[in-house]
Amino acid sequence: MKKLFFRALSSFLAFILLFAPVSATSETVSDTSSSTLSWEKLEEQIKAKSPSYQILDKNISSIEIVDYTYLYNSMQKQLNELSSMQSYLLESGDREKLNTLNSSMAALRNTYEDIRDGKLQRDSDDAVNQLRNMQNQVISAGQTLYITILSLEQSLADGERGLSALQRALTEMQLRHTLGQVSDIKLKELERRYDDTKSQLKTLENTITSLKAQLQLLIGEAPTGEAELEALPSVSVDEIASLTPETDLIAAKQKNYSISTAAVALEKSEEDVSDKNSDYLSGSIKRYELTSAEHTRDAAKLSLISAEQNFEFSFRNLHRSVLNCQQIWENKKAAAKYQQQLLALSEKQYNLGRISYFALLNAQDNASNALSDAESAERDLFSALNNYRNAVMYGFVNEQTQEG
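Nothing here was measured: the structure is a model prediction, and the numbers come from that model.

1. Description of the overall build of the chain
Working step 1: When you go through the chain residue by residue, the secondary structure sums to 12 helices and two strands.
Working step 2: Taken from N to C terminus, the helices and strands of the chain fall in the order α-β-α-α-α-α-α-α-β-α-α-α-α-α.
Working step 3: Going through the 404 residues of the chain one by one, you find that 37% of them count as buried.
Working step 4: Sequence-distant contacts, at least 24 apart, represent 80% of the contacts inside the chain between residues at least 6 apart.

Listed below in structure tokens is the structure:
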């Protein structure tokens with residue numbers, strides 16, 4: 001549980017600090033003191049109201065709005081005009097102005113040729129892909145935070161139930177102490193344990209409030225920490241059975257940013273080798289320069305292979321995690337059902353006067369703990385399945401170590 005919490009928290013904060021330090025002002029957040037959040041609407045709210053997401057969206061728009069056809073034609077016109085000016089300066093003999101003009105024309109011609117060859121457009125596409133990948137990770141960070149908060153709330157409920165059990169044990173021990181059956185030291189030890197548990201639960205409450213405030217800020221609401229999170233949707237066993245990992249892997253690889261970046265780097269290195277080969281044949285560069293470009297291309301090939309292999313390994317781990325979480329969930333459900341049966345038996349025995357009230361309360365705690373374990377296992381399964389979905393839809397993996 002602690003690993004899940006700190007991983008989610010550090011992931012979330014990294015994205016927020018990377019994208020924009022947004023202050024909780026009336027201009028950026030809704031004026032509300034409390035809210036009810038649901039998983040079904042979380043992604044929609046992040047896209048619509050998250051300052052971090054919207055900043056990335058604006059950056060994407062600023063890139064996509066560029067009209068390269070207009071730029072190409074405009075630069076062609078400018079080059080023609082500069083060419084006429086160049087002829088005039090040649091005739092006038094003004095070398096200083098001519099050199100300045102030649103430098104400007106060279107820079108403009110390079111950009112012109114990059115647009116003509118599609119290089120600038122590819123660079124823009126790469127930048128957009130990177131920004132969209134960051135947007136998807138913002139969504140994933142919000143989802144992880146949502147699940148983490150629910151997990152911690154369940155831990156709080158379990159802790160409060162444990163605190164109640166400690167209170168009962170303390171009451172019993174105080175009675176036995178009064179009768180001289182328990183020493184002062186043992187009583188103080190249990191009292192210290194009770195106080196420590198109570199303090200830890202208070203710390204957990206504060207942590208949950210802080211994480212809720214961060215989640216509210218992410219979706220553009222006032223970070224009051226008073227939000228109520230609805231339960232996660234039920235896990236669909238049929239969906240798990242219908243997963244097609246090999247087919248899904250193909251789709252996921254096409255959307256993975258690391259693979260895409262490696263493929264672009266390989267394409268550029270191959271173009272560089274082609275250009276260097278032409279320059280070498282024309283005698284404008286040395287052989288070692290061509291050889292260096294070839295080594296860079298070979299390294300890019302290996303980088304692409306490595307990126308693909310790493311992603312395939314991680315993706316298959318995601319699928320295995322789903323299946324493992326499913327079997328853990330089934331096991332915990334069976335254990336919870338068994339504890340419910342024991343509780344029913346204890347209730348009958350209590351009604352017949354065969355067990356004490358404390359024994360009945362212990363049976364109730366055991367049944368509640370088993371049910372909590374089953375709910376936690378289902379949440380882990382939902383999280384693993386959501387990570388798998390994100391890998392297929394967005395092309396990135398968010399692996400979590402699932403503990404049974």
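Moving on from the model shown.
2. Some points on the nonpolar core
Working step 1: Core analysis: the biggest nonpolar cluster contains 65 residues, and Ile46, Tyr146, Leu215, Leu229, Phe315 and Val322 have the highest contact counts within it.
Working step 2: Listing elements by their share of this core, those giving two or more residues are α2 (39-49), α3 (51-64), α6 (119-178), α7 (184-218), α9 (245-255), α10 (257-281), α11 (287-351) and α12 (357-394).
Working step 3: Element by element, the count of residues in this core is highest for α6, at 16 residues.
Working step 4: In contact with Phe315, other than residues within four places in its own chain, are Pro245, Asp248, Leu249, Ala252, Tyr388, Ala391, Val392 and Val397.
Working step 5: Core analysis: the next-biggest nonpolar cluster, separate from the first, contains 11 residues, Met75, Leu82, Leu98 and Leu108 among them.

3. Here we look at the environment of Leu152
Working step 1: If you trace the backbone, Leu152 turns up in helix α6.
Working step 2: Assessed through its relative accessible area of 5%, Leu152 is described here as buried.
Working step 3: For Leu152 and Thr207, which are 55 residues apart along the polypeptide, the C-alpha to C-alpha distance reads 8.6 Å.

4. As for helix α5 (residues 95-116)
Working step 1: The end-to-end C-alpha distance of α5, which contains 22 residues, comes to 30 Å, matching closely the 32 Å that a straight helix rising 1.5 Å per residue would cover.
Working step 2: Of the residues making up α5, those classed as buried are Leu98, Leu101, Met105, Leu108, Tyr112 and Ile115. Each buried residue of α5 lies within a common arc of 100 degrees when the element is viewed along its axis, so the set occupies one face. Away from its buried face, by an angle of more than 90 degrees, α5 presents the exposed residues Arg95, Glu96 and Thr100.
Working step 3: Packed against the buried residues of α5 are α4 (68-92) and α6.
Working step 4: Trailing α5 by a residue or two, Gly118 shows a phi angle of about 80 degrees, which is positive.

Reading the values: the criteria
- Residues numbered from 1 in each chain as written.
- Predicted model: local features only at pLDDT ≥ 70, side-chain atom pairs only at ≥ 80, totals over all residues.
- Heavy atoms only, no water.
- Helix = DSSP H or I, 4+ residues; strand = E, 2+ residues; numbered from the N terminus.
- Buried < 20%, exposed > 50% of the residue type's maximum accessible area, 1.4 Å probe, protein only.
- Contact = heavy atoms within 4.5 Å.
- Core = buried A, V, L, I, M, F, W, Y, C linked by side-chain atoms within 4.5 Å.
- Expected span 1.5 Å × (residues − 1).
- Arc of directions from axis to C-beta.

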